[in-house]
Amino acid sequence: MDKFDTFTGIVAPLDRPNVDTDAIIPKQFLKSIQRSGFGPNLFDEWRYLDHGEPGKDNSARPLNPDFVLNQARYRDASILLGRENFGCGSSREHAVWALLDDGFRVVIAPSFADIFFNNCFKNGVLPVVLPAATVEALFAATTATPGYALRVDLQAQRIEAPGLDAIGFEIDPFRKDCLLRGLDDIGLTLQHADAIRAFEDRHRQAAPWLFNKP
Amino acid sequence: MSGKTLYDKLWDSHLVRQDDDGTALIYIDRHLVHEVTSPQAFEGLRLAGRQPWRTGSILAVPDHNVPTTDRRAGIADPVSRVQVETLDRNCAEYGITEFSMLDPRQGIVHVIGPEQGATLPGMTVVCGDSHTSTHGAFGALAFGIGTSDVEHVLATQCLILKKTGSLLIRVDGALAPGVSAKDIVLAIIGRIGTAGGTGSSIEFAGTAMRSLSMEGRMTVCNMAIEAGARAGMVAVDDTTIEYVAGRPYAPKGAQWEQAVSGWRDLHSDDDASFDRSVSLDASSLVPQVTWGTSPEMVTGIDGVVPDPDNEPDSVRREGMRKALAYMDLQPGTPITSIRPDHVFIGSCTNARIEDLRAAASVIRGRTVHPGIKQALVVPGSGLVKQQAEAEGLHTLFLEAGFEWREPGCSMCLAMNADRLQAGERCASTSNRNFEGRQGQGGRTHLVSPAMAAIAAVTGHFADVSKEPA
Ligand code: SF4
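Keep in mind the model is a prediction, meaning the values are calculated, not measured.

Below, the discussion takes up the overall build of chain B. Of regular secondary structure, chain B possesses 15 helices and 19 strands. For chain B, whose C-alpha radius of gyration is 21 Å, the value lies close to the compact-globule estimate of 23 Å for 469 residues. Expressed as lengths along the three principal axes of its C-alpha atoms, the size of chain B is roughly 55 × 55 × 45 Å. Relative to its full complement of 469 residues, chain B shows a buried share of 68%.

Set out below in structure tokens:
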């Protein structure tokens, strides 16, 4: 996983609540057994006018001019600004893989669905929860100013937003540390392998039926 | 000191270690695996040179991609086929128990776990699938995880978690005939919203929950995720224990006695406190139908499509407008005048035997309305299908004009060949009405099995609770 410390990028506003992971990456692309290559199909049903399928040449497909990410000014965006309950629905980590593959490293919203939020951290994507009023101000600034960009400083937990006061944000210390250091959390957990084994032995004695193999 | 909630008890009994900031390692008893969210996890394990920690904790099944028509010919779509074959290969390589596509026990992962007794009270159960919350019906701590966490559980048998908040949802009173578990959970989501449970684990309690069968409780817990909750759960009682008894992987003999005595404690203590609580009166519930593109966009069968102009919040108002445009519905339209093109009875929410019985009893002696292009019944598992056939339910469905299919996820998410065309409308017993969920441009109305059945035979949504019994 890539480290994350400070990040500066253009913001794209996605102005709808309850953006679900089915919309972020439609199911037909979930048939892949890879982790990469999902970027061109990010928001596929909104992004293109035709129906997308795995293996189709996306560069030849008709773009939906009404979809915000297709506007020239947002083409290089790497920070996504969303509304409440972003990433709800299916647990598919492919949604985060698609965002990352399309260049997004930060998603800002007033609230996130739990599994999506967790999946972001596993892939070096920073989800930032901000108060609705702050998100509103960012939407206004982004749409008013072509090329509007933010500088996100994870160490300081601060976002510099042109025209606005600096914005602080909360983040779980463990997750912050993993992002800053680009840590593989499986490796971290395996440092406690002895504790896991000891627990497992006690657990097996207390409830042996939990260990009957299906 | 106040007592423990059921969630506290499940958490404490699986806690391996905890840091000062609350970051915990939680031990996982049962890991359910399907073909869509596991290939990259097995691949990651291999790339890192790691071995699975305890393959005996795993039960695997292909369900999302499998065809629901004759399977002996294999899977036509080459991309789907590779994914299912990848699961077969991974299971063979590591010696993991798998119910492969032609196994009579194959079915939707959340149907087969409970059916086999692979889901037991007091367990932690995870799966790379959001509807893992289903298994909480057994007094288990069950939740969906992403693929990186699937790999984490494969490698360590644990997850790194922080405790969620607790939300008690009490549902009291007797349900009217024709009103079901699905209506309870849709009404709950309508009330608290799709983010209403975010950051919480929900315990469903109250007399209405107690009187539901295990299958009904699974339907409610299944959709806890649609309310944004991490997990949904129901305390163990006699209903739970009777359901588990005698299942293939349930404990037997002396182990069974020992297990049951422990399971009796799997309920919240009387003096336990919850962070929040909500209550719902079941006796006033009518059958529910969703009208929009989020499960919270729901109303009673006696209702009308709401008017966005009456919504004070601007973000929600805009969301409603987009939903109505997508669904091609006008504010004020009575729900009973909406006419579906398709009826889908299936999914991990509502494809167990009681669901099929409920639908069959509505259609008995009637036929699918000529306005319905397709009416599908997709049993949740091969064993549900066998049971239904033993009871003659398939004959009822087939004679009425339904198609009777092989088990799998099917049109719940349309990853296989079963899907809506753009603009088509479906009465569906599944759990998500998101844009494109059942096929690009398709329009989904979530309902109970009995409500789907009545829509099939009348050609429009109708109040099944007003039907002569
Ligand atoms: S039936 Fe639908 S919701 Fe359930 S596991 Fe399958 S795709 Fe997911």
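Once that is clear, we can look at the sheet that holds strand β11 (residues 231-233) of chain B. All names here are of chain B. Taken in spatial order, the 4 strands line up as β11-β10-β9-β12 in an open sheet, and their pairing is parallel. Looking at the sheet topology across the chains shown, the edges are occupied by β11 and β12 (276-281). The mean angle between the axes of side-by-side strands here comes to 20 degrees, regardless of whether they run parallel or antiparallel. Taken strand by strand, helix α6 (residues 181-192) contacts β9 (165-172), β10 (200-205) and β12, and its axis lies near 130 degrees from that of β12.

It is worth spelling out the sheet that holds strand β2 (residues 79-81) of chain A at this point. All names here are of chain A. Taken in spatial order, the 7 strands make up an open sheet running β4-β3-β2-β1-β5-β6-β7, and their pairing is mixed. Looking along the sheet, the strands with just one partner apiece sit at the ends: β4 (126-129) and β7 (167-168). In the sheet, strand β3 (residues 106-109) pairs with β4 via 4 bridges, with the strands oriented parallel. Note that in β4 the partner of valine 106 across the bridge is leucine 126.

This brings us to the nonpolar core. Within the largest apolar cluster, 111 residues are counted, with the highest numbers of intra-cluster contacts made by Phe43(A), Leu80(A), Phe86(A), Ile108(A), Leu126(A), Phe397(B) and Phe402(B). Per-element tally for this core: the top contributor is helix α15 (residues 449-458) of chain B, with 8 residues. Contact partners of Phe43(A), with chain neighbours within four places excluded, come to Leu14(A), Val19(A), Ala23(A), Ile24(A), Phe67(A), Leu69(A), Leu80(A) and Leu99(A). Core analysis: the second largest hydrophobic core is formed by 99 residues, Trp11(B), Leu32(B), Cys91(B) and Val298(B) among them.

Looking now at the site of the ligand. Every residue near the ligand is listed here: His64(B), Ile108(B), His110(B), Asp129(B), His131(B), Ser347(B), Cys348(B), Cys409(B), Cys412(B), Leu413(B), Asn431(B) and Arg437(B). When grouped by side-chain class, the residues that make up the shell around the ligand number 5 nonpolar, 5 polar and 2 charged.

Turning to the packing of aromatic side chains, a few remarks are in order. To describe a pair of aromatic rings, you give the distance between the ring centres and the angle between the ring planes. All names here are of chain B. Enumeration according to the criterion identifies 19 aromatic pairs over all chains in this entry. Between the aromatic rings of tyrosine 7 and tryptophan 11, the centroid separation amounts to 6.1 Å while the plane-to-plane angle is 50 degrees, which identifies the pairing as tilted. One end of the pair, tyrosine 7, and the other, tryptophan 11, are both in helix α1 (residues 6-12), 4 residues apart, so they sit about a helical turn from each other. By the burial criterion, tyrosine 7 is buried, and tryptophan 11 matches it.

So, how was this worked out
Residues numbered from 1 in each chain as written. Chains lettered and ligands numbered in written order. Predicted model: local features only at pLDDT ≥ 70, side-chain atom pairs only at ≥ 80, totals over all residues. Heavy atoms only, no water. Helix = DSSP H or I, 4+ residues; strand = E, 2+ residues; numbered from the N terminus. Rg over C-alpha atoms; globule rule 2.2 N^0.38 Å. Buried < 20%, exposed > 50% of the residue type's maximum accessible area, 1.4 Å probe, protein only. Pairing = 2+ DSSP bridges. Axes fitted to C-alpha atoms, helices over the stretch in contact; angles between N-to-C directions. Contact = heavy atoms within 4.5 Å. Core = buried A, V, L, I, M, F, W, Y, C linked by side-chain atoms within 4.5 Å. Near = heavy atom within 4 Å. Nonpolar A, V, L, I, M, F, W, Y, C, P; charged D, E, K, R; others polar. Phe/Tyr/Trp six-rings, centres within 6.5 Å; stacked < 30°, edge-to-face > 60°.

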